[in-house]
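# Chain and residue survey
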Amino acid sequence: MFTDEWMLLCANGLNDPDSDVATPLGEDAKDLAQEVDFDSRELEWEKDATIYVLADPEMLDEPTGDVFRRSLRVVLERLADQVIFPFDHIDADRRGGWLVACLEDGEIKNPKKKFSVDRGSDPEQRDLSSL
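Fair warning: this is a prediction, and the values are worked out from it, not measured in the lab. (Residues numbered from 1 in each chain as written. Predicted model: local features only at pLDDT ≥ 70, side-chain atom pairs only at ≥ 80, totals over all residues. Heavy atoms only, no water.)

This paragraph deals with the confidence of the model for the chain. It should be kept in mind that the predicted coordinates are not to be read in detail where pLDDT is low. In this model, the chain carries a mean pLDDT of 81, and residues with pLDDT of at least 70 account for 85%. Mean pLDDT across the elements of the chain ranges from a minimum in helix 5 (residues 123-126), with 57, to a maximum in helix 2 (residues 57-61), with 92. (pLDDT = per-residue confidence, 0-100. Helix = DSSP H or I, 4+ residues; strand = E, 2+ residues; numbered from the N terminus.)

Attention now moves to the packing of aromatic side chains. Within the structure shown, the criterion is met by one aromatic pair. Ring geometry for Phe87 against Trp98: centres 6.0 Å apart, planes inclined by 80°, an arrangement best described as edge-to-face. One end of the pair, Phe87, is in the loop between strand 4 (82-84) and helix 4 (95-105); the other, Trp98, is in helix 4, with 11 residues separating them in the sequence. The same class applies to Phe87 as to Trp98, namely buried. Sitting above the plane of the Phe85 ring, Arg73 keeps its charged end 4.5 Å from the centroid. (Phe/Tyr/Trp six-rings, centres within 6.5 Å; stacked < 30°, edge-to-face > 60°. Buried < 20%, exposed > 50% of the residue type's maximum accessible area, 1.4 Å probe, protein only. Lys NZ or Arg CZ within 6 Å of the ring centre and 35° of its normal.)

Applying the stated criterion to the full structure yields eight salt bridges. Put simply, Asp37 and Arg69 hold a salt bridge, and the shortest N to O gap is 2.8 Å. Of the two residues, Asp37 sits in helix 1 (residues 29-40) while Arg69 sits in the loop between helix 2 and helix 3 (72-77), which places them 32 residues apart along the sequence. The pair Asp37 / Arg69 is uniform in exposure class, with both members buried. Three or more residues are tied together by salt bridges with common partners; here these are Asp37, Arg41, Asp66 and Arg69. (Salt bridge = Lys/Arg side-chain N within 4 Å of Asp/Glu carboxyl O.)

Pasting the structure below:
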């Protein structure tokens, strides 16, 4: 809704959003960072693009033991001048509420603020798996 282009972070790197691929959960951090690094070389995004990465910070910061790809976050930060990680500022049980607020208002919300959709709902309703 908000993008010109987007990619899915998957077990084998970056994939087209229409593909049916496995999630990156449980993948080796070094292998995943390497796949994303290789895939990113084929992207034709403008250098002045703004990229939003919707991924768990723990997965992004898991050490890879590689001098050049210290973490998946490092690889993703190289994709453009402005790479934003909204989930760094949102508790896991509030991420669904943030996404709903963005979709309802038709704009990307500041992830550091609370959202009305979170009020009066229990954690299961705010969890991303409930969407």
